[in-house]
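Take a look at the letters that make up each chain.
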Amino acid sequence: MNFEQFNLDPRILAGVSAAGYTTPTPIQQQAIPVVMAGKDILGLAQTGTGKTAAFALPILQRLLKGHTRKIRALIVAPTRELAEQIHQSFIEYGRNTKVRSLPIYGGVSKVNQVNELRRGVEVVVGCPGRLLDHIGDRTIDLSEIEVLVLDEADRMCDMGFLPDIRKLLSHLPKQRQTLFFSATMPEDIRQLSHDILTDPVTVQIGQIAPAHTVSHALYPVTDGLKNKLLFAMLEKTATGRVIVFTR
Ligand code: AMP
């Protein structure tokens, strides 16, 4: 398997090569053809699976055609760090294209964001609060959005962004492609996905479930006994290398 199979534009393939990717990750293999076909996606995958390229590459492909300097793709992420990371990925994969991406999050001046928005961009990667600020100020026009990505939807919900997301959705065109990513599916997230996706293709990456070969056990112990228990267990059961995760 390689990236050529997806029929991506050579300019995008060059960006993928420059990023050093040769083989698509499982989520990329599953999601890229579906996104390129214009379908909605319910993606059950964590960050670290290659999820960003799974949506960014087909979005870049779409944006090569059609009008420019209008916001056509909106990616909503829970934190500044993630928004910045996704924005950097768009820059990296789209380095040979003219597609422009703009990160929009709070904690930094609005003025630069407004200037960039005026100049015109095709991709906005933002956090819900600051996006709503710009909507309130009428400094952002989301009426031409063709693709919406909600990334780490469960985390956004944990952070209390659900009402903001619903408000944001009311400013987007109903006719659009929606890509919904979440590592877990609690009830409110399932409901949100049900409300906003149309006939979605579910893409699930196996790492969410522990490997079948991994057995689990829980030992409730007091703090003082933790080390003793760990050493006793290592002596009794461990072979080869061991990774111990702590808080
Ligand atoms: P993500 O889950 O999108 O945050 O990606 C996790 C990491 O995997 C990032 O550092 C990406 O640059 C990297 N990555 C994504 N796709 C590939 C690929 N096909 N081959 C190698 N690395 C990749």
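Residues numbered from 1 in each chain as written. Predicted model: local features only at pLDDT ≥ 70, side-chain atom pairs only at ≥ 80, totals over all residues. Heavy atoms only, no water.

Chemist: Can you break down the overall build of the chain residue by residue, with the values?
Modeler: Within the chain, the secondary structure is distributed over ten helices and seven strands. Along the longest, intermediate and shortest principal axes, the C-alpha atoms of the chain span 65 × 40 × 35 Å. Within the chain, buried positions represent 46% of all 247 residues. Long-range pairs, those at least 24 residues apart, make up 72% of the contacts in the chain between residues at least 6 apart in sequence. Summed over all atoms, the accessible surface of the chain reaches about 13800 Å², with 51% contributed by carbon and sulfur. Taking the 28 positively charged and 24 negatively charged side chains of the chain as two groups, their mean positions are separated by 3 Å. (Helix = DSSP H or I, 4+ residues; strand = E, 2+ residues; numbered from the N terminus. Buried < 20%, exposed > 50% of the residue type's maximum accessible area, 1.4 Å probe, protein only. Contact = heavy atoms within 4.5 Å. Areas by Shrake-Rupley, 256 points an atom, 1.4 Å probe, with all protein chains shown as cover. Lys, Arg positive; Asp, Glu negative; His and termini not counted. Charge placed at Lys NZ, Arg CZ, Asp CG, Glu CD.)

Chemist: So what's going on with the pattern of salt bridges? Residues and values would help.
Modeler: For the coordinates displayed, the defined rule picks out eleven salt bridges. Residue Arg155 is joined to Glu152 by a salt bridge in which the shortest nitrogen-to-oxygen separation is 2.5 Å. Exposure remark for Arg155: the relative accessible area of 38% places this residue in the partly exposed category. Sharing partners across several salt bridges, the network here consists of Arg62, Arg72 and Glu146. (Salt bridge = Lys/Arg side-chain N within 4 Å of Asp/Glu carboxyl O.)

Chemist: An account of the site of the ligand is requested, with residue identities and associated values reported.
Modeler: Tyr21, Gln28, Gly48, Gly50 and Thr52 are the nearest of the 13 residues found near the ligand. Between the ligand and the protein, one listed contact pairs a nitrogen atom with a side-chain N or O atom of Gln28 at 2.8 Å. Between the ligand and Thr52 there is a distance of 2.6 Å, counted from an oxygen atom to a side-chain nitrogen or oxygen. In the complex, 66% of the free accessible area of the ligand, which totals 500 Å², lies under the protein chains. The residue inventory of the shell around the ligand, partitioned by class, reads three nonpolar, nine polar and one charged. (Near = heavy atom within 4 Å. Polar contact = N/O pair within 3.5 Å; in protein donor to acceptor, adjacent residues only side chain to side chain. Nonpolar A, V, L, I, M, F, W, Y, C, P; charged D, E, K, R; others polar.)

Chemist: Could you give me a rundown of helix H8 (residues 162-169), with the residues and numbers involved?
Modeler: Buried within H8 are the following residues: Leu162, Asp164, Ile165, Leu168 and Leu169. Around the axis of H8, the buried residues are gathered within 160 degrees of arc, so they sit on the same side. Buried-residue contacts for H8 involve strand E2 (73-76), helix H6 (128-137), strand E5 (147-150), helix H7 (153-158) and helix H9 (187-196). (Arc of directions from axis to C-beta.)

Chemist: Quick one: what's the story with the state of the cysteines, residue by residue and with numbers?
Modeler: Applying the stated criterion across every chain yields a total of zero disulfides. Between Cys127, a cysteine without a disulfide, and Cys157, which holds the nearest cysteine sulfur, the sulfur-to-sulfur distance is 16 Å. (Disulfide = S-S within 2.5 Å.)

Chemist: Which residues make up helix H10 (residues 226-237), and what are the values?
Modeler: Over its twelve residues, H10 extends 16 Å from the first C-alpha to the last, a length consistent with the 16 Å expected when each residue adds 1.5 Å. Burial runs low along H10: only zero of the twelve residues are buried. (Expected span 1.5 Å × (residues − 1).)

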